[in-house]
Amino acid sequence: MECDLKAMPSQTVLRRDAWREALPCLTLLLVLAAGVNLAAGLGPWFGVRALAVFGLGFALVLHALPAHAPHARYGAANRVTLARLALVALLAAGAGEPLTDATSLAWGAIAVATTAALWDALDGPLARAQGLASDFGARFDMETDALLVLVLSLLVIHFDKAGAWVLAAGLV
């Protein structure tokens, strides 16, 4: 039986589109987590924590997806933000890991955080260029930014570069 996408409710198509976009981000996260774990010899829970953070973030995305209407597509801008969420999840998994080689871990965290921050400049122009700007996309972008700041605050504490007071920036 052939599936007629035009006959399906737009939220069902949009949710399916979001899942289709999440799978490459999940693959990216798994590959990066495995590579980081091999290179840095992190604990066995590193990848599990990264997946948990990404899974929680994506569950919140799916929950908020009805606010995306009237657009029927997930869009490239949200794909970029979802990839940024995967990078932030990778960073979050590093908090609490033993610091056997703190310098390498810190530089790796800086590289991932810089990539996530630079990609932040892509989503807005992409959404506007495709005519897919929405309150959902703007909120998704801002919440991903806020999570990045919180995770960076946790990492600064983890690397013993500042006290717990730095969490105030991340909790705002």
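Everything below is about the structure printed above this text.
Fair warning: this is a prediction, and the values are worked out from it, not measured in the lab. (Residues numbered from 1 in each chain as written. Predicted model: local features only at pLDDT ≥ 70, side-chain atom pairs only at ≥ 80, totals over all residues. Heavy atoms only, no water.)

## A few points about the nonpolar core
Now for step 1: Within the largest apolar cluster, 37 residues are counted, with the highest numbers of intra-cluster contacts made by Phe54, Phe58, Tyr74, Leu82 and Leu91.
Now for step 2: Mapped onto this core, the elements with two or more residues apiece are helix H1 (10-40), helix H2 (46-64), helix H3 (76-94), helix H4 (102-130) and helix H5 (135-158).
Now for step 3: Those residues in contact with Leu91 that sit more than four places away from it in its chain are Ala109, Val112, Ala113, Leu148, Val151, Leu152 and Leu155. (Core = buried A, V, L, I, M, F, W, Y, C linked by side-chain atoms within 4.5 Å. Buried < 20%, exposed > 50% of the residue type's maximum accessible area, 1.4 Å probe, protein only. Helix = DSSP H or I, 4+ residues; strand = E, 2+ residues; numbered from the N terminus. Contact = heavy atoms within 4.5 Å.)

## Here's the deal with H1
Now for step 1: If you check H1, its first and last C-alpha atoms are 44 Å apart, about what 31 residues at 1.5 Å a residue would give, namely 45 Å.
Now for step 2: Here H1 has its buried residues at Val13, Leu14, Asp17, Ala18, Glu21, Ala22, Cys25, Leu29 and Ala33.
Now for step 3: For H1, the elements touching its buried residues are H2 and H3.
Now for step 4: Looking one or two residues past H1, Gly41 carries a phi angle of roughly 60°, positive in sign. (Expected span 1.5 Å × (residues − 1).)

## Quick notes on the side chain of Asp141
Now for step 1: Following the sequence through the fold, Asp141 ends up in helix H5.
Now for step 2: For Asp141, a relative accessible area of 15% translates into the label buried.
Now for step 3: Engagement of the side chain of Asp141 in a polar contact is seen with the side chain of Arg84, the distance being 2.9 Å.
Now for step 4: In this structure, Asp141 is in contact with Thr81, Arg84, Asp120 and Asp123, ignoring residues within four places of it in sequence. (Polar contact = N/O pair within 3.5 Å; in protein donor to acceptor, adjacent residues only side chain to side chain.)

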